[in-house]
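Examining the three-dimensional arrangement
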Amino acid sequence: MGRGKTLDAVAAFESAAAAQRPIAGVAAAARAVRGLADEGAASVTLRIGDGAALDAATRADIERLRGPTLVLVETGSGPAAVLPSAWEVVRRTGKPGDGLVSRWLNRPISQRITLLVLAIPGIRPVHVTIVNALLAVPMFLCLLFGGQSGLIAGAILFQLASILDGVDGEMARASHRASREGAAMDSAVDMATNFLFVLGLTLHLAIRDEDLIGWIGALAILQLIVGNLLIARRVRAQGAPLGFDLYKRRSGRIGGIVDLVYWAVQLLTGRDCFAFLFMVLTVVGLERVALAIFAGVGTIWFFYVLLRSLLAGARPIRPLA
């Protein structure tokens, strides 16, 4: 069946229990309806072998996912619904813009967490977003008051937050619950966590070492705040959802050193990369180097943001982390 065709479709289940079986947070019957609707079905008939009524949660899922497709429920048999496994659904929740660390480390871990979390009845993406927000509190306290072991614990918690950051989005995409409000909340939590991490690390090093590193960290914090405020203003001016989605350059390659610098800045300012880099360097005692690298790359990013913000009709800019 091709997209755009107008047709009637049938999906059969041997029992209401089979139709109500959750697949990655969505009732099997509702997932069948959504799949057939996406293929162009004008109506879908759900045939329930044992004739039992579908429960309220399944009916709500069907109503949420059917769109304009008419759905009928009747007793009988027919072509059994062919549905993906929960893991197949979750595995397709990656994003084309994933950075190297996200693609090869964070995403494989977060998707397995997502698979487990979606098996919990009533769980929603916002619950994971809230957990991630709460994780920033012990992270900041460890960085500020925990000594050298606190620095390591804080960096590990920051990397954990980077991994968990993927879970709520994966849940939303797997269960068809993505929303502008959810994306905005997730972005706000991400930026608050990033800010608290750099702030906590800077304060710790400034108090401990009493040298230039405190001013370097202050520069990184200032660039982080001003740069992302510039991006937020432009995003709102364009009428896009209030958030800090990662935008990549879409123009053709320039070549040579320019592309190399742009690629390096884009890589190192991605949250997945700099969270992992901070963790590794902090564990081996090079937290000062990590902060200096972040401030240096952040300076290049900041002036890029500033320049593009001054150009009329400029394309969206990739935010820091």
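Model, not experiment: these values are computed from the prediction.

Details of the overall build of the chain
Each helix and strand in the chain was counted, giving twelve helices and five strands. Within the chain, the proportion of its 321 residues that are buried is 44%. Summed over its atoms, the accessible surface of the chain is roughly 15,800 Å², and 67% of this surface lies on carbon and sulfur atoms.

Some remarks on the sheet that holds strand 1 (residues 7–13)
The three strands lie next to each other as 1-4-5, forming an open sheet whose pairing is parallel. On the outer flanks of this sheet lie strand 1 and strand 5 (70–75), each paired with one strand and no other. Along the sheet, successive strands turn relative to each other by an average axial angle of 20 degrees, direction set aside. Here strand 4 (residues 41–48) pairs with strand 5 via six bridges, running parallel. Its bridge partner lying in strand 5, Ser-43 is registered against Leu-70.

Quick notes on unusual backbone geometry
Of note, Ala-24 is a non-glycine position whose phi angle comes to about 50 degrees, a positive value. Position of Ala-24 among the secondary structure elements: in the loop between strand 2 (22–23) and strand 3 (26–27).

Examining the packing of helix 5 (residues 100–117) against helix 11 (residues 271–283)
Where helix 5 contacts helix 11, the axes come no closer than 7 Å and their chain directions differ by 65 degrees. Relative to helix 11, the element helix 5 lies roughly perpendicular. Between helix 5 and helix 11 lies a crossing of left-handed hand. Residue-level contacts link Leu-100, Val-101, Ser-102, Leu-105 and Asn-106 of helix 5 to Asp-272, Cys-273 and Phe-276 of helix 11. When grouped by side-chain class, the residues that make up the contact of helix 5 with helix 11 number five nonpolar, two polar and one charged.

Things to note about the packing of aromatic side chains
Taken as a whole, this structure holds seven aromatic pairs when the rule is applied. With a centroid separation of 4.1 Å and an interplanar angle of 10 degrees, the aromatic rings of Phe-158 and Phe-197 are classed as stacked. Of this pair, Phe-158 sits in helix 7 (residues 147–174) while Phe-197 sits in helix 8 (residues 180–209); the two residues are 39 residues apart in sequence, bridging distant segments of the chain. Chaining the aromatic ring pairs together yields one cluster made of Phe-158, Phe-197, Phe-274, Phe-278 and Phe-294.

Some thoughts on the side chain of Thr-58
Structurally, Thr-58 is set in helix 3 (residues 56–65). For Thr-58, a relative accessible area of 2% corresponds to the buried category. Setting aside anything within four residues of it in sequence, one finds Thr-58 in contact with Ala-19, Gln-20, Ala-27 and Ala-29.

Observations concerning helix 7
A rise of 1.5 Å per residue sets the reference length of helix 7, with its 28 residues, at 40 Å; its end C-alpha atoms lie 41 Å apart and thus fit the reference within 8%. Extensive coverage of helix 7 is indicated by the burial of 20 of its 28 residues. His-176, located one to two residues past helix 7, shows a positive phi value of around 55 degrees.

Quick notes on the packing of helix 8 against helix 12 (residues 287–310)
Taken N-terminus to C-terminus, the directions of helix 8 and helix 12 make an angle of 125 degrees; their axes are 11 Å apart at the nearest point. Judged on the interaxial angle alone, helix 12 and helix 8 are oblique. Relative to helix 12, the crossing made by helix 8 is left-handed. Listed contacts from helix 12 to Val-198, Leu-201, Thr-202, Leu-205, Arg-208 and Asp-209 of helix 8 are Glu-287, Arg-288, Leu-291 and Phe-294. Taken together, the residues of the contact of helix 8 with helix 12 sort by class into five nonpolar, one polar and four charged.

Considerations on the confidence of the model for the chain
The share of residues in the chain with pLDDT of 70 or more is 87%, and the mean pLDDT across the chain is 87. Scored below 50 in pLDDT, residues 242–254 shows 32 contacts in the model against residues more than four places distant or in partner chains.

Topic: the pattern of salt bridges
For the structure shown, the criterion picks out 13 salt bridges. Residues Arg-34 and Asp-38 are paired through a salt bridge, measuring 3.3 Å at the closest nitrogen-oxygen approach. Placement of the pair is Arg-34 and Asp-38 together in helix 2 (residues 28–38), with a separation of four residues, close to one helical turn. Note on Arg-34: relative accessible area 25%, which makes it partly exposed.

A short note on the pairing of strand 4
Summarising burial for strand 4: six of the eight residues are buried, a large majority. Both strand 1 and strand 4 contribute to a ladder of seven bridges, which runs parallel. What sits directly across from Phe-13, in strand 4, is Ile-48.

Rules of the game
What you see as residue numbers is a count from 1 along each chain, following the sequence as written. Totals for whole chains, interfaces and linings use every residue, but because this is a predicted model, local features are given only for residues with pLDDT of at least 70 and side-chain atom pairs only at 80 or more, for both listing and counting. By convention in this description, side-chain values take in all heavy atoms of the structure and omit both hydrogens and water. Segments assigned H or I by DSSP are reported as helices when at least four residues long, segments assigned E as strands when at least two residues long, and all are numbered from the N terminus. Buried means the residue's accessible area, taken with a 1.4 Å probe over protein chains only, is under 20% of the maximum for its type, while exposed means over 50%, and partly exposed covers the values in between. Note on areas: these come from Shrake-Rupley sampling with a 1.4 Å probe, and a residue is covered only by the protein chains present in the view. At least two DSSP bridges between two strands are needed for those strands to be called paired. For every element, the axis is a line fit to its C-alpha atoms; helices are fit only across the contacting stretch, and the angle between N-to-C directions ranges from 0 to 180 degrees. An angle below 35 degrees is treated as roughly parallel, one above 145 as roughly antiparallel, one from 65 to 115 as roughly perpendicular, and anything else as oblique. Here is the rule for handedness: rotate from the far helix to the near one, and if that takes an anticlockwise turn smaller than a right angle the crossing is left-handed, while a clockwise turn gives right-handed. Should any heavy atoms of two residues lie within 4.5 Å, those residues are considered in contact. In this classification, Asp, Glu, Lys and Arg are treated as charged, Ala, Val, Leu, Ile, Met, Phe, Trp, Tyr, Cys and Pro as nonpolar, and every other residue, Gly included, as polar. A pair of Phe, Tyr and Trp rings is counted when the ring centres sit within 6.5 Å of each other, with Trp represented by its six-membered ring. The angle between the planes then sorts it: under 30 degrees is stacked, over 60 is edge-to-face, the rest tilted. Each residue after the first adds 1.5 Å to the expected span of a helix. As a per-residue measure, pLDDT tells how confident the predictor is, with possible values from 0 to 100. Salt bridge, as used here, is a side-chain nitrogen of Lys or Arg placed within 4 Å of a carboxyl oxygen of Asp or Glu.

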